[in-house]
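Given next are the chains, with one letter for each unit.
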Amino acid sequence: MSVQSAKYASKSAIGVSRVRRPKEGAGFGPPRKAASARRFSRPTTWGGWAILAVCCIAAAFMLVPVYVIIATALSGGTSAPSFFLAFPDRPSLDAFKGAWQQLHGSLINSLQITVPAAAISCLIGSLNGYLLSKFPFRGSNALFTILLVGMFIPFQAVIIPVFQFLNMLHLQGSILGVTIVHIIYGIPITTLIFRNYYEGIPSAIVEAAAIDGAGIWKTFTHVMLPLSMPGFVVAAIFQITNIWNDFLFGFILTSPAAWPATVSLNNMIGTTTVNYAQLMAGAVLVAAPTVLVYLFLGRYFVRGLTAGSVK
Amino acid sequence: MTAPVIDRAWLRRRPAATIPHGVKTSRRARLIFAPSLLVSFLFVYVFIGITGYISLSNWKVGTSPDLSLRQPFGATYGEIVGEQRFQADYRNVIIFTAVFLVLAIVGGLVAALFIHHVAIGKSLFRTVFLLPYALSFIVTGVVWRWIFAPSTGINVFLKAIGIQNPPGWTTDPSIVGAVNSIDIGSPLKIQLGIPVALLPIIFAAAWQLVGFAMAMYLAGLASIPEEHLEAASVDGANAWQRLRHIVLPQLWPSTITCFVLLLHVALKIFDLVVAMSGSGPGFVTDVPGIYIYNYLTSRYDKASAMALILLGLTLLVVVPYLIRGYRRERKA
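Criteria and cut-off values
- Residues numbered from 1 in each chain as written.
- Chains lettered and ligands numbered in written order.
- Predicted model: local features only at pLDDT ≥ 70, side-chain atom pairs only at ≥ 80, totals over all residues.
- Heavy atoms only, no water.
- Helix = DSSP H or I, 4+ residues; strand = E, 2+ residues; numbered from the N terminus.
- Buried < 20%, exposed > 50% of the residue type's maximum accessible area, 1.4 Å probe, protein only.
- Contact = heavy atoms within 4.5 Å.
- Areas by Shrake-Rupley, 256 points an atom, 1.4 Å probe, with all protein chains shown as cover.
- UniProt positions renumbered as here; feature names shortened; annotations may be inferred.
- Salt bridge = Lys/Arg side-chain N within 4 Å of Asp/Glu carboxyl O.
- Domains from an automatic or database assignment.
- Buried area = accessible area lost by both parts, 1.4 Å probe.
- Polar contact = N/O pair within 3.5 Å; in protein donor to acceptor, adjacent residues only side chain to side chain.
- Nonpolar A, V, L, I, M, F, W, Y, C, P; charged D, E, K, R; others polar.
- Expected span 1.5 Å × (residues − 1).
- Bend = angle between axes of the 7 residues up to and from the residue.
- Phe/Tyr/Trp six-rings, centres within 6.5 Å; stacked < 30°, edge-to-face > 60°.
- Lys NZ or Arg CZ within 6 Å of the ring centre and 35° of its normal.
- Core = buried A, V, L, I, M, F, W, Y, C linked by side-chain atoms within 4.5 Å.
- Axes fitted to C-alpha atoms, helices over the stretch in contact; angles between N-to-C directions.
- Parallel < 35°, antiparallel > 145°, perpendicular 65-115°, else oblique.
- Left-handed = near helix turned anticlockwise from the far one by under 90°.

**Q** Help me understand the overall build of chain A, please; the structure alone is not making it clear to me.
**A** Each helix and strand in chain A was counted, giving 13 helices and 0 strands. Reading chain A from its N terminus to its C terminus gives the helix and strand order α-α-α-α-α-α-α-α-α-α-α-α-α. When each of the 311 residues of chain A is scored for burial, the buried share is 58%. Considering only intrachain contacts with a sequence separation of at least 6, the fraction spanning at least 24 residues in chain A is 76%. Carbon and sulfur atoms make up 67% of the accessible area of chain A, which amounts to about 12,600 Å² in all.

Shown next, in the form of structure tokens:
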């Protein structure tokens, strides 16, 4: 009996959660899928080749803008290549130097906003998710649904009060102010992700801890948090991408000294003569962090994506 | 990170009442959850209420609010609804949403079906399709703006293959299918139809989000029980029949999710348009998000009224979806 329970527990530890159950969620990589893939591509060999060909063409098409960014960025200091699909004759990194000069300050701002905002909203979300999944109280589901609305509102509908509120606290225009705002509006989504994640961890663990005399807090810090790593990775990636890519809050709630990278990049268009090579190099710099996160941790990225949808 | 071992046999021997999930615990859980709920309540519901009040007030701009109610009641709404820009915004956002949803959802479904059945390189294709989703709308906008710029990008190519007057893309003020000849009456100040300039933006948005739909559909495809497909094959169903009668019906939940989440993205669309074209000539690419953003420096009341209309539209879609999720949870 105990062996079986231990197996369940360790399964949760590697991240089997509600989100990953094939029925409901991401389900990338359950063994079943491989079988069904074989079944469909089996009928005729040329059919399989046709599918492959279509996929290759579609993928190449999807990558055209990515190629355009890189080719243009490498085209050097002054002018872009005349034809937008031509690769520059003499690729150079000059444009990156210029873009870095214009953007490095705001890239650091973005970093200063993103890291604490993502970390704190994840911590709060994990605590909430734990409570909602392991200690549901009367009305907790309804309250959770009310909380979730905050995930979907257009932020324009609250931006004036937020602006005035930060003004009242003398935080308007500062990095701290926009960080706090990101934390607060991040709570619904992180709570959702962690709630789904913790539902995959057997309640028996919590009950056992309770019998051993651990209260809500102690169970959280000593039992749940050590099992939470995969949940934190998913939620953190989701929050890091969202906050890094934000534009609205960044533009309205910060002064030029605290502008995040997206705002500074957008302002590079505003100048009368646009240096396209530099603009594209800037786009590469702004996109790089989230793209790298996606390329290296794609699995978790997708899981966050599917966790972000209410079922 | 070793998981605690639980002797469940021992656990079962105890009467359920001693497992401390009682009144005290639940009060404590409520207490810990309360701050998040209160903060969200303030920042979402109270702030929306304040925005609503501002939309009814005389507060134009600045830090010293003029909170007297505007007379007659709700006059700001009347004022903006009659504007050419307001009407253009909602024409644009409706067309944007409709075309974008079709492109992204159908595109995502087709991509998922192909990628699900491709023999090799599955994860590579998945990665490529979802890559744009990792980008900021501003980055996407900057890139597509250049590709669709009238004198660079794609038009250089079109000129090279002999097209003398390539399209102006986002700078084109024309409206396809515009009702010109008929006098539609004085309250309507715009031409109904499809603004040409909106199409490149829709295209860019679909490029960015088609991977999201694909990911949802791939998750749905992976959850279809293998036995169903096998049984159908044994019964002699061909690939098309299996797709039509087994796969597509089971993908319905993924479609609903995509529909709601993408619709909500489309209604809120803002950064992408800012980076690609702004308002455009004659507001052909203006959207409510940009309207609000522009009036944040001059007319709080107008910006608030517009924001509330936009919020209403969004909630019209999202609230039924959230309630559906809540009901399902209760049943489960």
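**Q** Would you take a moment to explain the UniProt feature "transmembrane region" (unreviewed entry) in chain A for this structure?
**A** All names here are of chain A. The feature "transmembrane region" (unreviewed entry), as given by UniProt, occupies residues 46-70, 113-131, 143-163, 175-194 and 279-302 in the numbering adopted here. In residues 46-70, the share of helix is 100% and the share of strand is 0%. The end C-alpha atoms are 35 Å apart. Span residues 279-302 is 100% helix and 0% strand, its end C-alpha atoms 29 Å apart.

**Q** Is there a simple way to think about the pattern of salt bridges in this case?
**A** All names here are of chain B. Under the definition given, this model contains 8 salt bridges over all chains. Measuring nitrogen to oxygen at the nearest pair gives 3.4 Å for the salt bridge that ties Asp301 to Lys60. Of this pair, Asp301 sits in helix 14 (residues 300-331) while Lys60 sits in the loop between helix 2 (23-56) and helix 3 (75-81), and the two are 241 residues apart along the sequence. Among the residues examined, Asp301 registers a relative accessible area of 0% and is labelled buried. Residue classification places Lys60 among the partly exposed positions, given a relative accessible area of 33%. Here Lys302 and Glu83 are joined by a salt bridge, their closest N and O atoms 2.6 Å apart. Within this pair, whereas Lys302 is found in helix 14, its partner Glu83 is found in the loop between helix 3 and helix 4 (84-117), the two being separated by 219 residues in sequence.

**Q** Would you take a moment to explain the UniProt feature "transmembrane region" (unreviewed entry) in chain B for this structure?
**A** Residue and element names in this part refer to chain B. Feature annotation in UniProt places "transmembrane region" (unreviewed entry) on residues 31-56, 93-115, 127-147, 197-219, 251-270 and 303-323, given in this structure's numbering. Here residues 127-147 is 71% helix and 0% strand, with 23 Å between the C-alpha atoms at its ends. Summarising residues 251-270: 85% helix, 0% strand, and an end-to-end C-alpha distance of 30 Å.

**Q** How do you make sense of the domain arrangement of chain B when you look at a structure like this?
**A** The accessible area lost on association of the parts is a frequent measure of interface size. Domain boundaries in chain B define domain 1 (8-38) and domain 2 (95-149 + 195-286). On a C-alpha basis, the centroid separation for the pair domain 1 of chain B and domain 2 of chain B is 43 Å.

**Q** Could you clarify how one ought to interpret the interface of chain B and chain A in this entry?
**A** Contacts between chain B and chain A engage 111 residues on the former and 118 residues on the latter. Taken together, the two surfaces of chain B and chain A that pack against each other cover about 10,900 Å², and 77% of this comes from carbon and sulfur. Interface area lost by chain B to chain A is led by Phe33, Phe43 and Trp146 of chain B, which between them contribute 7%. Where chain B meets chain A, there are 0 salt bridges. There are 12 residue pairs in polar contact (both at pLDDT 80 or more) connecting chain B and chain A. Ranked by the residues each element gives to the side of chain B that touches chain A, the list is headed by helix 2 of chain B, at 20 residues. Its residues assigned to classes, the side of chain B that touches chain A shows 75 nonpolar, 21 polar and 15 charged.

**Q** Where do I start with the domain arrangement of chain A in this structure?
**A** All names here are of chain A. If you check the domain split of chain A, you get domain 1 (44-92) and domain 2 (95-306). With 9 residues of domain 1 at the interface, the matching set in domain 2 holds 9 residues. At the boundary of domain 1 with domain 2, total buried surface from both sides reaches about 630 Å², with 72% on carbon and sulfur atoms. Summed over the shared surface of domain 1 and domain 2, the number is 0 salt bridges. At the junction of domain 1 with domain 2, the criterion picks out 0 residue pairs in polar contact (both at pLDDT 80 or more).

**Q** For this particular structure, what's the right way to read helix 14 of chain B?
**A** Helical periodicity: at 3.6 residues per turn, an α-helix aligns residues three or four positions apart in one direction. Relative to the 46 Å expected for 32 residues at 1.5 Å per residue, helix 14 of chain B spans 44 Å between its end C-alpha atoms, a close match to the ideal helical length. Along helix 14 of chain B, the sharpest change in direction is near 35° and occurs at Leu315 of chain B.

**Q** I would appreciate a short explanation of the packing of aromatic side chains in the present structure.
**A** Pairs of aromatic rings are described using the distance from one ring centre to the other and the angle between the two planes. Under the counting rule described, the total for this entry stands at 32 aromatic pairs over all chains. An angle of 20° between the planes, with centres 5.6 Å apart, marks the rings of Tyr133 of chain B and Phe212 of chain B as stacked. Residue Tyr133 of chain B is found in the loop between helix 5 (122-130) and helix 6 (137-147), and its partner Phe212 of chain B is found in helix 8 (residues 198-222); the two are separated by 79 residues along the sequence. An aromatic cluster is defined as three or more aromatic residues linked by ring pairs; in this entry it consists of Phe61 of chain A together with Trp144, Phe148, Trp169, Phe203 and Trp207 of chain B. When the ring centre of Tyr300 of chain A is taken as reference, the NZ or CZ atom of Arg299 of chain A above it lies at 5.1 Å.

**Q** Please explain the side chain of Ser264 of chain A as it appears in this structure.
**A** Residue and element names in this part refer to chain A. Checked against the element boundaries, Ser264 lands in helix 12 (residues 261-270). Its relative accessible area of 11% is what places Ser264 among the buried residues. Those residues within four positions of Ser264 in sequence are excluded, and the remaining contacts are Leu103, Ser106 and Trp259.

**Q** Where do I start with the nonpolar core in this structure?
**A** Burial of nonpolar side chains together is a common tendency in soluble globular proteins. In terms of nonpolar packing, the biggest core is built from 187 residues, with Tyr185 and Leu253 of chain A together with Phe100 and Leu262 of chain B touching the most fellow members. Per element, the largest residue contribution to this core is 17 residues, and it comes from helix 8 of chain B. In this structure Leu253 of chain A touches Ile159, Val162, Phe163, Leu166, Gln172, Gly173, Ser174, Val178 and Val181 of chain A, once residues within four positions along its chain are discounted.

**Q** Would you mind going over the packing of helix 4 (residues 94-134) of chain A against helix 9 (residues 216-224) of chain A with me for this structure?
**A** Residues and elements named next belong to chain A. Between helix 4 and helix 9, the shortest axis-to-axis distance is 11 Å and the interhelical angle comes to 110°. In terms of orientation, helix 4 lies roughly perpendicular with respect to helix 9. Helix 9 is crossed by helix 4, and the crossing has right-handed handedness. Here helix 4 contributes Ser126, Leu127, Tyr130, Leu131 and Lys134 to the contact with helix 9, which in turn contributes Ile216, Trp217, Thr219, Phe220 and Met224. Considered class by class, the residues forming the contact of helix 4 with helix 9 number 7 nonpolar, 2 polar and 1 charged.

**Q** Any chance you could explain the environment of Gly98 of chain A here in plain terms?
**A** Within the element layout of this structure, Gly98 of chain A appears in helix 4. With 180 residues separating them along the chain, Gly98 of chain A and Gln278 of chain A place their C-alpha atoms 6.3 Å apart.

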